[in-house]
Amino acid sequence: MRDTMGLTLLSQGADPADFTDAQWQDAVDRVRKARSDGQIRAFTGNEYIQDLAAGNVLACEAWSGDVAAADDPNLVFVAPEEGQMIWADNMLVPNLATHQGNAEKWIDYYYEPEVAARLAAYVWYICPVKGAREAMEKVDPDLVDNEPDLPERRVAGHDPFVHGPGGIQGPRLRRRFRRCHWRLTTLPATCG
């Protein structure tokens, strides 16, 4: 939802981090129309990359790491001119964790530049760790200038980072999107 609706809001000139109810509904209506017109073939999971590689899909909402990991020279990640959505995976320690110190050591380990570079080379996703670009020289010199993996120069301050609809409206908008998504994947119907 965050990627689909964020990109749709961006394409309509709305800010995915600060939008109105009307802008949200316009975005939902645009996705619904695109689906009913056949512009959107399906809502899928990670199997989309196989469809891209096979030529069954010409363009899609894709994650840069999936495109890079496919290792297919025919697949190219292109960020929309309007902007793109970025995200973050997080490591969290429950506040009542029995082994909090061990968990913190594990997290610290992943933030060592050499370890972060090896992980970025393996998963092909954006690496937030300072020094990872330099460490990548030893891990895989070919990836040093790979923008999807090590994008400090381009992404910082440019692309929206969206947590999805938050605040008081978050649960209601997420429910509206889920209703719409279910209807779009099962039958042509209205969303609201």
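For the structure itself, look to the data block above.
Just so it is clear, the structure is predicted and the values come from calculations on it, not from any experiment.

Rules used throughout
- Residues numbered from 1 in each chain as written.
- Predicted model: local features only at pLDDT ≥ 70, side-chain atom pairs only at ≥ 80, totals over all residues.
- Heavy atoms only, no water.
- Phe/Tyr/Trp six-rings, centres within 6.5 Å; stacked < 30°, edge-to-face > 60°.
- Helix = DSSP H or I, 4+ residues; strand = E, 2+ residues; numbered from the N terminus.
- Core = buried A, V, L, I, M, F, W, Y, C linked by side-chain atoms within 4.5 Å.
- Buried < 20%, exposed > 50% of the residue type's maximum accessible area, 1.4 Å probe, protein only.
- Contact = heavy atoms within 4.5 Å.
- Salt bridge = Lys/Arg side-chain N within 4 Å of Asp/Glu carboxyl O.
- Patch = residues over 30% accessible without salt bridge, like charges linked within 9 Å, V, L, I, M, F, W, Y side chains within 5 Å.
- Areas by Shrake-Rupley, 256 points an atom, 1.4 Å probe, with all protein chains shown as cover.

So, about the packing of aromatic side chains. Enumeration according to the criterion identifies 5 aromatic pairs in this entry. Ring geometry for Phe19 and Trp24: centres 5.4 Å apart, planes at 25°, overall stacked. An angle of 75° between the planes, with centres 5.1 Å apart, marks the rings of Trp106 and Tyr110 as edge-to-face. Pair noted here: Trp106 and Tyr110 are both in helix 5 (residues 100-110), with a separation of 4 residues, about one helical turn. Members of the aromatic cluster, joined through ring pairs, are Trp106, Tyr109 and Tyr110.

Another point: the nonpolar core. Counting 11 residues, the largest nonpolar core is built from Ala116, Ala117, Ala120, Ala121, Cys127, Val129, Ala132, Ala135, Met136, Leu143 and Val144. For this core, the secondary-structure elements that each account for two or more residues are helix 6 (113-123) and helix 7 (132-139). At 4 residues, helix 6 tops the list of elements feeding residues into this core. Within the second largest apolar cluster, 8 residues are counted, among which are Leu9, Trp24, Ala27 and Val28.

Burial in helix 6 covers these residues: Val115, Ala116, Ala117, Ala120 and Ala121. If you follow the buried residues of helix 6, they end up packed against helix 5 and helix 7. Directly beyond the C-terminal end of helix 6, a positive phi value near 65° is found at Trp124.

Applying the stated criterion to the full structure yields 3 salt bridges. Two residues, Lys33 and Asp37, come together in a salt bridge whose shortest N-O distance is 2.5 Å. Residue classification places Asp37 among the exposed positions, given a relative accessible area of 52%. Ionic pairing is found between Arg41 and Asp51, a salt bridge with its closest N-O pair at 2.8 Å. Here Arg41 is found in the loop between helix 2 (21-36) and helix 3 (48-54), whereas its partner Asp51 is found in helix 3, with 10 residues between them in sequence. Arg41 sits in the partly exposed class, given a relative accessible area of 48%. Overall, the relative accessible area of 19% leaves Asp51 in the buried class.

Take a nonpolar patch on the surface next. Taken together, the side chains of Met91, Trp106, Tyr109 and Tyr111 make up a nonpolar region of the molecular surface, amounting to roughly 440 Å² of accessible area. Within the secondary structure, Tyr109 is located in helix 5. Given a relative accessible area of 34%, Tyr109 falls into the partly exposed group.

Glancing now at the environment of Gly13. Mapped onto the elements of the fold, Gly13 is located in the loop between helix 1 (2-11) and helix 2. On the accessibility criterion, Gly13 (68% relative accessible area) is exposed. The spacing of Gly13 and Gln23 is 10 residues in sequence and 9.4 Å in space, taken between C-alpha atoms.

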